[in-house]
Every structure is written in structure tokens, then in C-alpha cells.
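# Tertiary structure, described
Next come the chains, spelled out residue by residue.
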Amino acid sequence: MTPRISARAWDALTSLKLTLVCLVLLMVLVVACTLAQVNLGVLPAVNAYIRSFLVWWRVPGWDVSIPVFPGGALVGLVLVVNLVAAQLRRLELSWRKAGLWVVHAGLILLFVGEFVTGVFQVETQLAIEEGQTRDYLESPREMELAIADVTDVRHDDVYGVPESLLASRKTIAVPGTPLTLHVKSFFQNAELAMTGGDARGSPVNMGVGISVEVRELRPVSGDNEIDRRAAYVEPVADGRSYGTWLVSNALGAPQSFIHEGHTWTLSMRPRREYLPYSLTLKDFRHDVYPGTDIPKNFSSLVQLVNPAEGEERDVLIYMNQPLRYGGKAFYQASFGKNDTLSVLQVVENPGWLLPYVSCVLVGAGLVLHFAFALVRSLTRRQAPLEAR
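Read on for a plain summary of the structure. None of the values given here were measured: they were computed from a predicted structure.

## Remarks on the layout of surface pockets
- Empty space within the largest pocket amounts to approximately 840 Å³.
- Residue lining of the largest pocket: 27 residues in total, with Leu-43, Glu-123, Pro-140, Arg-141 and Gln-345 positioned closest to the centre.
- Only helix 3 (42-49), helix 5 (98-120), strand 3 (122-129), strand 4 (133-149) and strand 14 (262-288) provide two or more residues apiece to the lining of the largest pocket.
- When residues of the lining of the largest pocket are assigned to their parent elements, the largest contribution, 6 residues, is made by strand 4.

## Observations concerning the packing of aromatic side chains
- Per the stated rule, a full pass over the model turns up 9 aromatic pairs.
- Ring geometry for Phe-187 against Tyr-232: centres 5.8 Å apart, planes inclined by 90°, an arrangement best described as edge-to-face. Of this pair, Phe-187 sits in strand 7 (residues 179-187) while Tyr-232 sits in strand 10 (residues 230-237), and the two are 45 residues apart along the sequence. For the pair formed by Phe-187 and Tyr-232, the shared burial category is buried.
- Ring-pair connections join several aromatic residues into one group, and the members of that group are Tyr-242, Trp-245 and Phe-257.
- Across the ring face of Tyr-136, the terminal group of Arg-272 is positioned such that the distance to the ring centre comes to 4.1 Å.

## A closer look at the side chain of Thr-244
- Within the element layout of this structure, Thr-244 appears in the loop between strand 11 (240-241) and strand 12 (245-248).
- Residue classification places Thr-244 among the buried positions, given a relative accessible area of 2%.
- For Thr-244, the residues in contact, after removing those within four places along its chain, are Lys-184, Pro-203, Val-204, Asn-205, Met-206, Tyr-232, Val-233 and Glu-234.

## Looking at the packing of helix 2 (residues 16-40) against helix 3
- Contact geometry of helix 2 with helix 3 gives a least axis separation of 8 Å together with a crossing angle of 145°. Handedness of the crossing formed by helix 2 with helix 3: right-handed. On the side of helix 2, the interface is formed by Leu-29, Ala-32, Cys-33, Ala-36, Gln-37 and Leu-40, while helix 3 contributes Val-42, Pro-44, Ala-45, Val-46 and Tyr-49.
- Its residues assigned to classes, the contact of helix 2 with helix 3 shows 10 nonpolar, 1 polar and no charged.

## Details of a nonpolar patch on the surface
- A surface patch of nonpolar side chains, amounting to about 490 Å² of accessible area, comprises Phe-53, Leu-54, Trp-56, Leu-77 and Val-81.
- At the level of secondary structure, the elements contributing two or more residues to the nonpolar patch comprise strand 1 (54-58) and helix 4 (72-90).
- Within the element layout of this structure, Phe-53 appears in the loop between helix 3 and strand 1.

## Some thoughts on the pattern of salt bridges
- The tally for this structure, following the rule as stated, stands at 15 salt bridges.
- Between Arg-269 and Glu-144 there is a salt bridge; the shortest N-O distance is 3.1 Å. Of this pair, Arg-269 sits in strand 14 while Glu-144 is found in strand 4, placing the two residues 125 residues apart along the sequence. Of the two residues, Arg-269 and Glu-144, both sit in the buried class.
- Ionic pairing is found between Asp-152 and Arg-154, a salt bridge with its closest N-O pair at 3.2 Å.
- The exposure class of Asp-152 is partly exposed, given its relative accessible area of 24%.
- What you see here is one network of salt bridges that share partners, running through Glu-163, Asp-227 and Arg-229.

## Focus on unusual backbone geometry
- Within the chain, Asp-238 stands out as a residue other than glycine whose phi angle is a positive 55°.
- Tracing the backbone shows Asp-238 in the loop between strand 10 and strand 11.
- For Asn-320, which is not glycine, the phi torsion reads 65° and is therefore positive.
- Counting through the fold element by element, Asn-320 comes out in the loop between strand 16 (311-318) and strand 17 (323-325).

## A few points about the side chain of Ser-139
- As for its position among the elements, Ser-139 is in strand 4.
- According to the relative accessible area criterion, Ser-139 is buried, its value standing at 5%.
- One polar contact links the side chain of Ser-139 to the main-chain amide nitrogen of Arg-141, over a distance of 3.4 Å.
- Of the polar contacts made by the side chain of Ser-139, one reaches the backbone nitrogen of Glu-142; its length is 3.0 Å.
- Sequence-distant contacts of Ser-139, defined by excluding residues within four places in its chain, comprise Thr-124, Pro-270 and Arg-271.

Parameters at a glance
- Residues numbered from 1 in each chain as written.
- Predicted model: local features only at pLDDT ≥ 70, side-chain atom pairs only at ≥ 80, totals over all residues.
- Heavy atoms only, no water.
- 1 Å grid on protein atoms, 1.4 Å probe; cavity = no way out; pocket = protein on both sides within 12 Å on 5 of 7 lines; lining within 4 Å.
- Points joined across faces, edges and corners; volume = space filled by probe spheres on them.
- Helix = DSSP H or I, 4+ residues; strand = E, 2+ residues; numbered from the N terminus.
- Phe/Tyr/Trp six-rings, centres within 6.5 Å; stacked < 30°, edge-to-face > 60°.
- Buried < 20%, exposed > 50% of the residue type's maximum accessible area, 1.4 Å probe, protein only.
- Lys NZ or Arg CZ within 6 Å of the ring centre and 35° of its normal.
- Contact = heavy atoms within 4.5 Å.
- Axes fitted to C-alpha atoms, helices over the stretch in contact; angles between N-to-C directions.
- Left-handed = near helix turned anticlockwise from the far one by under 90°.
- Nonpolar A, V, L, I, M, F, W, Y, C, P; charged D, E, K, R; others polar.
- Patch = residues over 30% accessible without salt bridge, like charges linked within 9 Å, V, L, I, M, F, W, Y side chains within 5 Å.
- Areas by Shrake-Rupley, 256 points an atom, 1.4 Å probe, with all protein chains shown as cover.
- Salt bridge = Lys/Arg side-chain N within 4 Å of Asp/Glu carboxyl O.
- Polar contact = N/O pair within 3.5 Å; in protein donor to acceptor, adjacent residues only side chain to side chain.

In C-alpha cells form, the structure reads like this:
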């Protein structure tokens, strides 16, 4: 690249016009994402417009998608590079420009925070009834095949196979067990229908799935919709096959078979994350404004018990007042069963503080910049008076 071309590229990269173009594109993406939420739902729309490098459009009548607009991830990356380059080129290292340095640092940190959130944030749920104790969280969208040894009545040994492994349709050796799973088919979303007899074309020869017909569907996109996962699996232990089973989160009770005196169950369920502590719901409150049905407040009084830390205490979780513990934030999200069931939204986001720090930096930088400008202005006004 010649020096002239390099200079032009550097000028374009640090130009104010590029900054304004990026800001306009971000505003267009925000509006488009907001409108798309009507059909796609919040999370799919955010992933399609804000957290993607390109916005894709599916050609009607064709099973093909083409890029039609830069996505939020690409625009944000270009804007961060533009801000960093402009700051290095134009801003001088002096106290007079300190405020602008702080403002730019705050803006860059804001985009870094969004990147960290998009990549590392994990959302789960904790649904718990009054008097119940839970030491695990459940994913609202991801599933797993739970394989449990329920021989001992005192406790179950449970092993989870994530749906990503099932989707690969490979042979899966379940660690800690004598079992190996042969995944014959996996359906991201399916409709299950009872046939009253053997289902046509189905490989199932064990369990309730013998008389269930599976028809593949497109994945759902609504926030309140859940895909019905389904899979045909064949458990094998010590060279012995225990038949082919249909597993799905649309089925009811787990299905079981016996191997060498041990009873094993198969069930498709939401992916679980077990905690080193437990929460017990002692009381749930659903307050309304007097004389109306308008919600005033939702709150959950929970008992937190962490044996490893010797900790046991009561915590009140209510709207805009989450419990932050062990790197997770427990928010009051929903309720049910005549106000005896509380649903907590659990968010694990290592970058949750970055937006707050960014706002503080931008605000402090603006105050600092205008303070220096005010001092300079007062100094210039004072100088002629002293000269007289």
C-alpha cells in the first residue's frame, strides 16, 4: 500500500463522517430490531439485528438468505476502531483535553460491555413453590437428555447429555455409566401425535414412543414459545442393546429400563445447572393497589443456605432489587399457581458493571471538559481587566 493510499485510509478511519454514519446505522438497527420483535420475539430480534455482523434476508420461495445490511456487531466494531483512532490522532496528551479522553474511554467501554454481554451472558430460571428448596437452575430454551440411575430410593445419580451432542447424531459414551447412546435422529422442534398403533416409519421399538408419530417442524421464535425437542436414541450397555426409544420434552413421565439390577430412566428436560448452595421460598407476595387489580409489587422471601461457607440467611427479592450472589443476579420475573409459585430470572453476566462505569466516565468526562473550558474562559476575561 502506497503512502498516499495509507494516508487516505487513515483519514477515512479517523473521520467524523464515519462516526456519524455509524451512529445513524445503529439508530436504524435499533428501530428495525424494535419492529422485528413483533414477529420474531425479543431475543431472536436482538440476535438478528444487534448482535450479528450482518443482517440476513431470506429470499421468498428459496431456501437461501442474503446479507442486506450491516449488523450491530460490525457497526459497533467499526465505531470502536474509529473512536480509538480519532482519539490517538487528534487529542493531545494535556490536562486541557483530559475530559475528552475520559468521554472517549467511556464510549469505548460501553461497546466493550455490550460485546461481553452478548458473548458471555447466560440467562436461566428458578421456578420454586412456597416451602420448596431448589439447588439448581433451568435454561428456558436449551434442553438435555437426562439419564438417571434411580435404583437407590434415597438419591438419584443423574447424567445430562446436552442437546448439542444429540444434534450431532453421534455415538455418545455417558461418563460415569456403562451406557453408550446411539442417536439415530434429532428434531429441533417436532409435533408428536398418538397413532393408536405402531407409528409408520418409526425406528422406536421400546417405550411409549412406539405409538407416537413424529413430524418435524420449524423452530419457534416467540419469547413465550418453546421448541418440542425429540430424538430417537438407542442405549447400549456392555454390548447389549436396550432398544430404540423416543425421548422428548413433550412426553410425560420418564421411561425406564433395567441393566444388571440398576434401573435407568430417560427423559428430555430443560438443561440444569446445579448450584453449591440452595434457596428455599418461604413466602411470595403479590401486592396490588387498594381497590384495583393493578400490580403494585411482587416479592419473594427466600432462605439462602451455603454449607461450604457456613452461611444461612433470609433475603427479600422484589422488583428492581435482585439478589446478587456467586456471580449471579436473581430477579423477580413472574409467578403462578395462585401466588404460591415464584419464577426468578437468573442472569450471569461478567460485564454487568461495565455500562454503569461507562456512564460515569462519560458524565465525569463532560463535567471535566466544561470545567476546564469555563476556567479558560474566566481566565481570558480576567486578563484584560488586570491589564487596565
